[in-house]
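Architecture and fold: a report
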Amino acid sequence: MCTRVLWPEAGGSVITGRNMDFHMDLRTNLWKLPRGIKRDDRVNGALTWTAKYGSVVAGVFDIVSADGMNEEGLTGHVLWLAESEYGDPDPTRPQLAMSVWMQYYLDNFATVAEAVEWTEANNPQVIPMADPTGGSHPAIHLALGDAVGDSAIFEYIDGKLNVHHSRDYWVMTNSPAYDQQLELVKQYEGLGGDAPLPGTCDARDRFARALYYVKHQPEPASKLTAIASMFSIIRNAAQPFRNPEPGKPDASQTLWQTVSDHTAKRYYFESTTRPNTVWVDLPELDFSEGSGEARLDLISDLEVEHGLSGNVTHKFKKHHKFHLVSIKQATLIGEAVEEAKKAASGAHQVQDLVREKTVAIFGAE
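A brief look at the structure comes next.

Procedures and definitions
- Here the residue index of a chain counts from 1 through its sequence in written order.
- Reporting in this predicted model follows two pLDDT cut-offs: at least 70 for local features of residues, and 80 or more for side-chain atom pairs to be given and counted; totals over whole chains, interfaces and linings ignore these cut-offs and use all residues.
- Only hydrogens and water are set aside; all other atoms, that is, all heavy atoms of the structure, feed into the side-chain values.
- We count a stretch as a helix when DSSP gives it H or I for four or more residues in a row; a strand needs E for two or more, and each element gets its number in order from the N terminus.
- Here the radius of gyration uses the C-alpha set of atoms, whereas the globule reference equals 2.2 Å times the residue count to the power 0.38.
- Only heavy atoms matter for contacts: two residues are in contact if any of them lie within 4.5 Å across the pair.
- Shrake-Rupley sampling with a 1.4 Å probe provides the accessible areas, and residues are treated as covered by the protein chains on show and by no other component.
- Lys and Arg are tallied as positive, Asp and Glu as negative. Neither His nor the chain termini are counted.
- Throughout, a charge is located at the NZ atom of Lys, the CZ atom of Arg, the CG atom of Asp or the CD atom of Glu.
- Each residue is placed in one exposure class: buried if its accessible area under a 1.4 Å probe, protein chains only, is under 20% of its type's maximum, exposed if it is over 50%, and partly exposed if it falls in between.
- Two strands pair under a simple rule: DSSP has to find at least two bridges between them.
- By definition here, a salt bridge exists when the distance from a side-chain nitrogen of Lys or Arg to a carboxyl oxygen of Asp or Glu is within 4 Å.
- Helix axes are fitted to C-alpha atoms over the stretch in contact, other axes to C-alpha atoms as well, and angles between N-to-C directions run from 0 to 180 degrees.
- By convention a nonpolar core is built from buried Ala, Val, Leu, Ile, Met, Phe, Trp, Tyr and Cys residues, the set being connected through side-chain atoms within 4.5 Å.

**Focus on the overall build of the chain**
Secondary structure summary: the chain contains seven helices and 20 strands in total. Against the 2.2 N^0.38 benchmark of 21 Å for 365 residues, the chain shows a C-alpha radius of gyration of 19 Å, consistent with a compact globule. In terms of its C-alpha atoms, the chain occupies a principal-axis envelope of roughly 55 × 50 × 45 Å. The long-range fraction of contacts in the chain, counting pairs at least 24 apart against all pairs at least 6 apart in sequence, stands at 69%. As displayed, the chain has an accessible area near 14900 Å², and 51% of this comes from carbon and sulfur atoms. Both charge centroids of the chain, one from 34 positive and one from 49 negative side chains, sit 4 Å from each other.

**Notes on the pairing of strand β12 (residues 151-157)**
In regular strands, side chains alternate between the two faces of the sheet. Most of β12 sits out of view: seven of its seven residues are buried. With burial as the criterion, each face of β12 is covered, one bearing S151, I153, E155 and I157 and the other bearing A152, F154 and Y156. Pairing of strand β11 (residues 140-145) with β12, which is carried by four bridges, proceeds in the antiparallel orientation. When the sheet's bridge partners are listed, L144 is paired in β12 with A152.

**Quick word on the pattern of salt bridges**
Inspection of every chain in the model, using the stated rule, returns 11 salt bridges. The partner of R35 in a salt bridge is E71, and the shortest N-O contact between them spans 2.8 Å. Of the two residues, R35 is situated in the loop between β3 (30-33) and β4 (38-40) and E71 in the loop between β7 (64-70) and β8 (75-80); the sequence distance between them amounts to 36 residues. Exposure remark for E71: the relative accessible area of 16% places this residue in the buried category. A salt bridge links K186 to E183, with the shortest nitrogen-to-oxygen separation between them at 3.1 Å.

**Topic: helix α1 (residues 98-108)**
Burial analysis of α1 places 11 of its 11 residues in the buried class, which makes it a mostly covered element. For α1, every residue scored as buried is listed here: M98, S99, V100, W101, M102, Q103, Y104, Y105, L106, D107 and N108.

**Details of the sheet that holds strand β16 (residues 266-271)**
If you walk across this open sheet you meet the seven strands as β14-β1-β2-β15-β16-β17-β19, and the pairing is mixed. Strand pairing shows two members of the sheet lacking a second neighbour, β14 (171-172) and β19 (310-311), which therefore form its edges. Against the sheet, helix α4 (residues 203-215) touches β1 (3-10), β2 (13-22) and β14, its axis set at about 15° to β1. Here helix α5 (residues 223-236) sits on the sheet and contacts β1, β2, β15 (253-261), β16 and β17 (277-281); the angle it forms with β15, its principal contact strand, is near 155°.

**A closer look at the sheet that holds strand β20 (residues 317-318)**
Consider a sheet: its strands pair through backbone hydrogen bonds, and that pairing is either parallel or antiparallel. What the nine strands build is an open sheet, ordered β13-β12-β11-β8-β7-β6-β3-β18-β20; its pairing is antiparallel. For this open sheet the edge positions go to β13 (160-165) and β20, each flanked by a neighbour on one side alone. Contacts between α1 and the sheet are confined to β3, β6 (55-60), β7, β8, β11 and β12, with β7 contributing the most and set at about 10° to the helix. Packing against the sheet, helix α2 (residues 112-122) makes contact with β11, β12 and β13, and its axis sits at approximately 155° to β13.

**A look at the nonpolar core**
Core analysis: the largest hydrophobic core is formed by 99 residues, its most contacted members being L30, W101, Y105 and F154. The contact partners of Y105, leaving out residues within four places of it in the chain, are N70, L74, A115, W118, T119, P124, L142, L144 and F154.

Okay, structure coming up:
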């Protein structure tokens, strides 16, 4: 699921908020990834690159890059889109596994315009991968934003890459496809129509609420007010913890939220299960080549009673590697976890199994 909101007119700043909605804990940590890291497409290695820009990212099980900002203020946000169809694998096109799709843009581009130019010139193809938790098959789209308030949304519909590029594209949620969302939202009061603002967890309703509130914000009196305003908008679009609805066994709830200050290059993170707000000032991090990857452990340390809070820029600890999982590795992890789940008694055991099998395959610890 998820919601992303860009506010390019936040009192002289550009700010983006994002909710991560999913039906189980994703064991998210924050990572500092420096320049100079050599990566490949995680499909077959045909596309390779060396990171031009350093970034801070929020990971999923430390094997997928799902949200983040690079040192130039470019942000990336991966969200669910059930309608996604990526087409049959085409080796004549640049291919990117889902795990590294967003990271490719953070590594290589400073602005949305640069990213869109490369995308339209090269027509890359995202290759689906197995869910390493042994669950559903991921279907995702990608939003980018930058320090000048530009925005782009990349979707694969019926095998075709659709690029929605405009400074006016402030909000993204999930289904339906983006062009349809833009039409549907016009029916609501304050957005072009006279229907009352909707209030459910449905992606269309979250889209309408988020767009309404970001477009009806007063000029913030300070940076503190601007950040607080964005948190209020994405909290309004958050999904509560609840029992699964009939026919929807994987009811999503908001697990965590991020707010990215593109102008000051500050990245905020707030967990709904370990609710302390932390932030990272990217200009104070060492992104130089050879400085090493580093992790901020949010799983064991971020606790209400005695955990992390506030500025955590200098609390990252060097770590061996952020392993962006390949297509083959995701399948192996998923198969191992699916088999082990038969003996598991709860969600936390499943999450521990994912981590255990990931470490075994990567040999990362």
